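Chain and residue survey
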Amino acid sequence: MRNRNYLYLGVAAAGLAGLALAQGPAPMPLVVHQIKPNVYWIEGGGGNSGVIVGDKGVIVVDAKTTAAAGKELLDDIAKITPKPVTTVIETHSDGDHVNGLASFPMGITIIAHENNKKEQDAAAAAGGRGGPPAGHLPTQIVSKNKEELKIAGVKIEALHWANAHTSGDLVVYLPAEKIVFTGDIITTQPDALIHLEKNGSSEGWVTTAKGIGALNADQFVPGHGNVLTKTEVQKKATDVAAKRAKIKDLVAQGKSLDEIRTAVGDPAPAATKGGGRGGPAFASFTEVVYQELTKKP
């Protein structure tokens, strides 16, 4: 009987281990970084989030990927300040920046570019995977290239230069603190990521990245990765612009996509899909520019 009990325990343990493997590793906790007395960035749970503590409330920039991560974000904010979250500013419509809103209170102000709202409306109407959380669509629209806002006593500039990562990108600039939240226009990956399916543009990306690099700021919080300096942002804008110019020249010479990939030193196509993280297969920057210039898929 004793041996049989050990056998049962072994089978149960193996079953639990198998279940844990099937569910994948437990998600890593979010990490809070303070960059000014009233400004934080919180990594993990998808894309980076910004937290700006105002006089009577908190402004959040981007809200993580899942409801669980959104709740953890709110829990971390509650440890920073007892002030309520009153406003969320979305840098763009991708699920890893908006789907965590499912855990946010109803009735808060959600600010987004007008094209971001169009993209989310279309996703909601389609009812497909990656649609925005019900009841948390944008409530305040930015339609100009520059809108100066004052929220909870904090001066904020919402900026849009052109279609870049998506058609509805919004850059959040804090002029007094000299901090920029760039969304996925800037990440710490070497190339730019362009969503053609959301009418992103490589030419618009270059324009936008150069505009970001010209802002009077010292710290740039990217959509993914660690905080960058002004020099690093400007270098990325210059490097990507040079790569685009080289691809354009090679297209004019009649080179094929494979020849262009080799010429610009891209990795094999399979290695670029999903950013190497098992995510959806996005076109590489080279593929995007090639498609834009040749109209070939």
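Placed above this text is the structure.
Here the structure is a predicted model, which means the values were calculated and not measured.

So, on to the overall build of the protein chain. In terms of regular secondary structure, the protein chain is built from 9 helices and 12 strands. Residue burial in the protein chain is summarised as follows: out of 297 residues, 46% are buried. Taking as baseline every contact in the protein chain between residues at least 6 positions apart, the subset at least 24 positions apart corresponds to 62%. Counting every atom, the protein chain has about 14500 Å² of accessible surface; 56% of that belongs to carbon and sulfur.

Turning to empty space enclosed by the protein, a few remarks are in order. Counted according to the given criterion, the structure contains 1 cavity of 30 Å³ or more. Estimated volume of the largest cavity: approximately 50 Å³. Around the largest cavity, the lining residues are Asn48, Ser49, Gly50, Val61, Asp62, Thr91, Phe181, Thr182, Gly183, Val221, Pro222 and Gly223. Listed by contribution, the elements that provide at least two residues to the lining of the largest cavity are strand S3 (49-53), strand S11 (179-183) and strand S12 (219-222). The leading source of residues in the lining of the largest cavity is S11, at 3 residues. Across the lining of the largest cavity, the residue classes tally to 4 nonpolar, 7 polar and 1 charged.

Turning our eyes to something else, we now look at the pairing of strand S8 (residues 146-151). Every second residue of S8 is oriented toward a common face, the buried set being Glu147, Leu149 and Ile151 and the non-buried set Lys146, Glu148 and Lys150. Where S8 folds back on strand S9 (residues 154-159), the antiparallel hairpin that results is connected by 2 residues, among which Ala152 adopts a positive phi of roughly 50°.

On to the pattern of salt bridges, then. As enumerated under the stated definition, the model contains 11 salt bridges in all. One salt bridge connects Lys79 with Asp76, and the closest N-O pair in it is separated by 3.9 Å. Of the two residues, Lys79 and Asp76 both sit in helix H2 (residues 67-80), 3 residues apart, roughly one turn of that helix. Owing to a relative accessible area of 10%, Asp76 belongs among the buried residues under this scheme. For Lys235, the salt bridge is made with Asp239, and the minimal N-O distance between the two is 2.6 Å. Highlighted residues: Lys235 and Asp239, both in helix H6 (residues 230-252), separated by 4 residues, approximately one helical turn. When its relative accessible area of 53% is taken as the criterion, Lys235 is described as exposed. Within this structure, Lys146, Glu148 and Glu157 form a network of salt bridges that share partners.

Attention shifts here to the packing of H6 against helix H7 (residues 257-264). At their nearest, the axes of H6 and H7 sit 10 Å apart, and the two run at 140° to each other. Taken as axis vectors, H6 and H7 run oblique relative to one another. Between H6 and H7 lies a crossing of right-handed hand. Side by side, H6 and H7 meet where Lys243, Lys246, Ile247, Leu250 and Val251 of the first sit next to Ile260, Ala263 and Val264 of the second. Residue composition of the contact of H6 with H7, by class: 6 nonpolar, no polar and 2 charged.

Another aspect to go through is the nonpolar core. In globular proteins that are soluble, nonpolar side chains generally tend to be buried together. Residues Val180, Ile186, Trp205 and Ile212 are the most contacted members of the largest nonpolar core, which totals 31 residues. Ranked by the residues each element gives to this core, the list is headed by H6, at 7 residues. Each residue touching Ile186, except ones within four places of it in the same chain, is listed here: Trp205, Ala209, Ile212, Pro222, Gly223, Leu228 and Val233.

Rules of the game
Residues numbered from 1 in each chain as written. Predicted model: local features only at pLDDT ≥ 70, side-chain atom pairs only at ≥ 80, totals over all residues. Heavy atoms only, no water. Helix = DSSP H or I, 4+ residues; strand = E, 2+ residues; numbered from the N terminus. Buried < 20%, exposed > 50% of the residue type's maximum accessible area, 1.4 Å probe, protein only. Contact = heavy atoms within 4.5 Å. Areas by Shrake-Rupley, 256 points an atom, 1.4 Å probe, with all protein chains shown as cover. 1 Å grid on protein atoms, 1.4 Å probe; cavity = no way out; pocket = protein on both sides within 12 Å on 5 of 7 lines; lining within 4 Å. Points joined across faces, edges and corners; volume = space filled by probe spheres on them. Nonpolar A, V, L, I, M, F, W, Y, C, P; charged D, E, K, R; others polar. Pairing = 2+ DSSP bridges. Salt bridge = Lys/Arg side-chain N within 4 Å of Asp/Glu carboxyl O. Axes fitted to C-alpha atoms, helices over the stretch in contact; angles between N-to-C directions. Parallel < 35°, antiparallel > 145°, perpendicular 65-115°, else oblique. Left-handed = near helix turned anticlockwise from the far one by under 90°. Core = buried A, V, L, I, M, F, W, Y, C linked by side-chain atoms within 4.5 Å.

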